[in-house]
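Observations on chain architecture
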Amino acid sequence: MVEILFYIFGTILVLGALGVITSRNPVYSALLLVLCFITSAAIWLLIEAEFLAVVLVLVYVGAVMVLFLFVVMMLDVNLEELRTGFTRYAWLGWLTALAVIVEIVGVVWVRGVGIDVSKSPTPTAPDYSNTLELGRVMYTKYAYPFELAAVLLLVAIIAAISLTMRRRPGLKVQDIGKQVAVRAKDRVRIVKMNSEKRS
Amino acid sequence: MPETTMTWQSITPAIPEIYLVGAICLLLLVDAFAGQTRRGLTPTLTLIALAVGAALTVMYGKVPQQTILFDGMYVADELAYVLKLFGFLFVAFGLLYSRDYLEERGILRGEYYVLVLTALLGIFVLVSANSMLTVYIGVELLALSVYAMAAFDRDSGIAAESAMKYFVLGAIGSGALLYGMSMIYGMTGTLDLQEIAGRLHEPPNLGVTIGLVFIVVAVAFKLGAVPFHMWLPDVYQGAPTSVTLFIGTAPKIAYFALTLRLLAHGLGGTVVEWSQMLGALAVLTLVVGNVVAIVQTNLKRMLAYSTISNVGFIVLGFTAGTPDGYTAALYYTLIYILVALGSFGVILIASRKGFEADHLDHYKGMYKRDPLLALAMMMLMFSTAGVPPFVGFWAKLRIFQALWETNHVWLVIISAGMSVVGAFYYLRVIKLMYFDAPPAEYPPPQHSAGVRAALGINALAVLVLGVAPGPLLDLCARLIH
């Protein structure tokens, strides 16, 4: 059963990934990437890494990809300009792909020869909670680095805001209170004047 | 897995860090609510926070013997305790010097002070690190804060450029550090530095050697040793002088601790290998730093190359590979920070709004304009040049002694020769101040009594410690042994 599910998810993942790089519309690419993340999360669930699966969906799908879609939709990206260098740098892409393929084959081959580089994880009891165990070490053994990592994120926020936020003078903003309080006589001036004589 | 119980007693030695995190959050909130009108509030509060932190450290941070907290992540010992107190002291002096400078350039914002405190937290984490995990987090905490500070003057193109260089090259250094750590972790199976020390033996295997090379490269990057020094002159020159002062002072404590805890303690089993690497780096650093400094016309850039040559001496102390060598390196680091603090402080005081006193010409005839400032600068320059009775002489002497005792005769000869070369450009500053006429009218240096008093104390410390070097030397020796 698990194997069948793995192959189903695996196929969807590979097709989705192919779609990401072949689709001409960047919005489709981003949406297909969301599909890839969700199917990988499903595959992680199959190997009982439920916390990672949930985090993948929450962080990558929920936050990163939404931001990505925003950027793709908000920015006026000139696709023609992006594609101009494609054939020139294609050899680099092929070289990278080749290196990755050699690495994958190497890993599979090492297993086939009988060298067990990493033991397959032993299945845990049904009531074992991955999240609970992670939380347990994170708030005991790793409490100190965990808290410091939080401070690190705080530093990143302070740095990003203090380097980018500036108060521009003369910026046009709405002041609802003033808008409501405005009266006709503040805006419209009725001028009485005699009609001019025809010359 | 052993269950760990965390009680108040078990974390009291970590009070300095815990307090600092609280102070950072509080300061951030106070600054946000204080608004534009009460700009002076945050600098004052930061100084108070540093004083309270130092007091708390004295009360709680001192431990009778080495204590390991947080499951081996954190070590509290006398070295960490004393270095933290020095951290508070140096940062407080640095902030005192830079307040007016920041205000005149319109970059006196609360975030600057918060970033200084987060950098200080990073220094503390590094000083007390007992695991490669905390070493890395400490390095990043310190580095990220400092990158942001270097870019703090947003309207200055040169500051942005230097911050970008610092960021990119710093990232390469951090990458090398992580790569080396992962190799060491793969070979020993632990992140704990004391356990690593127990599992590494001479001669190291290939994996450990590769990891060691990367860690040495990362340490050289962070310290600014040649050939990994490229970022240093540009950052020192480009960043606002107050930031240069910060970069040149307190973080050096952290990088000393990084070298000591990671190389000398954690990887102490491979001392033969890394001391050779450091020896080669030190020779290159001394030669390049001193020779290139001669041709500089910008004082900040000259002091940057002077920093490089001083880093060469610190690295030499580690090259000796003995506790005496580490003691000499610690002593040299503290003395170097004291002098750098004063030298950059002089630049800050001599600068006015719209006038950056960073060119050597600006110091011509300084004696006539401000005799006391010139006197302070003269004492600081004599000290770095290694002229007795100033304290720089003792710092250099200790390094030579440690090298001599470990039969590194050639290193002693080269470094002594290079300090003679270095003396030229330090003495040139004194000559400019006392014997040359100014080519143009320069605005008189700033007259803020408190800041000048602080600088006076700083310069006097250089003399007093030089006349009576005993207590600080004994303290350094006790901390290392």
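First, a word on what this report is: a plain description of the structure on this page. (Residues numbered from 1 in each chain as written. Chains lettered and ligands numbered in written order. Predicted model: local features only at pLDDT ≥ 70, side-chain atom pairs only at ≥ 80, totals over all residues.)

Our focus in this paragraph is the overall build of chain A. Broken down by element type, chain A carries nine helices and zero strands. In sequence order, the secondary structure elements of chain A are arranged as α-α-α-α-α-α-α-α-α. In summary, chain A has a C-alpha radius of gyration of 29 Å against a globular reference of 16 Å for 199 residues, an excess of more than 25%. Considered along the principal axes of its C-alpha atoms, chain A spans approximately 110 × 50 × 35 Å. Taken across its 199 residues, chain A has 8% of its residues classed as buried. Considering only contacts within chain A whose residues lie at least 6 apart along the sequence, 54% involve residues at least 24 apart. (Helix = DSSP H or I, 4+ residues; strand = E, 2+ residues; numbered from the N terminus. Rg over C-alpha atoms; globule rule 2.2 N^0.38 Å. Buried ≥ 20, exposed ≤ 12 C-beta atoms within 10 Å, placed from the backbone. Contact = placed C-beta atoms within 7 Å.)

All right, on to the overall build of chain B then. Counting secondary structure elements, chain B contains 21 helices and two strands. Each principal axis of the C-alpha distribution contributes one length, and for chain B these read about 70 × 60 × 40 Å. Taking the contacts inside chain B whose residues are at least 6 apart along the sequence as the reference set, 80% of them involve residues at least 24 apart.

Listed per partner, the contact involves 24 residues of chain B and 15 residues of chain A. Contributing elements (two or more residues each) for the side of chain B that touches chain A: helix H5 (110-127) and helix H6 (132-150) of chain B. The dominant element in the side of chain B that touches chain A, judged by the number of residues it contributes, is H6(B), at eight residues. In terms of residue class, the side of chain B that touches chain A is made up of 15 nonpolar, four polar and five charged. (Nonpolar A, V, L, I, M, F, W, Y, C, P; charged D, E, K, R; others polar.)

With that out of the way, let us pick up the environment of Ala55(B). Residues and elements named next belong to chain B. Inspection of the secondary structure puts Ala 55 in helix H3 (residues 41-61). A residue is classified by how many C-beta atoms lie within 10 Å of it, and Ala 55, with 12 of them, is exposed. In the structure, Ala 55 is positioned 30 residues away from Leu 85 in sequence and 9.1 Å away in space, judged by C-alpha atoms.

Counting 190 residues, the largest nonpolar core has Leu126(B) and Ala150(B) as the members making the most contacts within it. By residue number, the principal contributor to this core is helix H15 (residues 323-350) of chain B, which donates 20 residues. Once residues within four sequence positions are removed from consideration, Leu126(B) is found in contact with Val135(B), Gly138(B), Val139(B), Leu142(B), Ala254(B), Ala257(B) and Leu258(B). Counting residues in each nonpolar core, the second largest holds six residues, with Val34(A), Phe37(A), Ala41(A) and Ala53(A) among its members. (Core = buried A, V, L, I, M, F, W, Y, C linked by C-beta atoms within 7 Å.)

All names here are of chain B. Summarising burial for helix H10 (residues 231-238): seven of the eight residues are buried, a large majority. Along H10, the residues that are buried comprise Trp 231, Leu 232, Pro 233, Val 235, Tyr 236, Gln 237 and Gly 238. As for H10, its buried residues are in contact with H6, helix H7 (157-188), helix H11 (241-248) and helix H14 (299-320).

To continue, consider H11(B). Where burial is concerned, most of H11(B) is hidden: eight out of the eight residues are buried. Looking only at H11(B), the buried set comprises Thr241(B), Ser242(B), Val243(B), Thr244(B), Leu245(B), Phe246(B), Ile247(B) and Gly248(B).

Here we take up the packing of H15(B) against helix H18 (residues 391-405) of chain B. All names here are of chain B. Packing of H15 against H18 leaves a shortest axis separation of 9 Å and a crossing angle of 160°. In terms of orientation, H15 lies roughly antiparallel with respect to H18. For the crossing formed where H15 meets H18, the hand is left-handed. Judged by residue contacts, Asp 324, Gly 325, Ala 328, Tyr 331, Tyr 332, Ile 335 and Val 339 of H15 engage Val 391, Gly 392, Ala 395, Arg 398, Ile 399, Ala 402 and Glu 405 from H18. (Axes fitted to C-alpha atoms, helices over the stretch in contact; angles between N-to-C directions. Parallel < 35°, antiparallel > 145°, perpendicular 65-115°, else oblique. Left-handed = near helix turned anticlockwise from the far one by under 90°.)

Here the focus is unusual backbone geometry. The phi angle of most residues is negative, glycine excepted, and most peptide bonds adopt the trans form. Residue and element names in this part refer to chain B. Following Val 226, the chain continues to Pro 227 via a peptide bond in cis, the omega torsion being 5°. Checked against the element boundaries, Pro 227 lands in the loop between helix H9 (206-223) and H10. The backbone phi angle of Asn 407 is positive, close to 65°, even though this residue is not glycine. Relative to the elements of secondary structure, Asn 407 occurs in the loop between H18 and helix H19 (409-435).

Another point: the environment of Gly62(A). Residues and elements named next belong to chain A. Position of Gly 62 relative to the elements: it lies in helix H3 (residues 50-74). Residue classification places Gly 62 among the partly exposed residues on the basis of 14 C-beta atoms within 10 Å. Between the alpha carbons of Gly 62 and Arg 24 there is a distance of 24 Å; along the sequence they are 38 residues apart.

All right, on to the packing of H7(B) against H10(B) then. Axes are the key here: two packed helices are described by the angle between their axes and the distance separating the axes. Residues and elements named next belong to chain B. Relative orientation of the contacting elements H7 and H10 amounts to 150°, with a least axis distance of 8 Å. The angle between H7 and H10 falls in the class roughly antiparallel. Considering the relative orientation of H7 and H10, their crossing is left-handed. Residues Ile 158, Ala 159, Glu 161, Ser 162, Lys 165, Tyr 166 and Leu 169 of H7 pack against Trp 231, Asp 234, Val 235 and Gly 238 of H10. Here the contact of H7 with H10 is built from residues that sort into six nonpolar, two polar and three charged.

Residues and elements named next belong to chain B. The topology assignment puts Val 412 in helix H19. Between the C-alpha atom of Val 412 and that of Phe 400, which follows or precedes it by 12 residues, the distance is 5.7 Å. For Val 412, the contacting residues outside a window of four places in its chain are Phe 400, Leu 403 and Trp 404.

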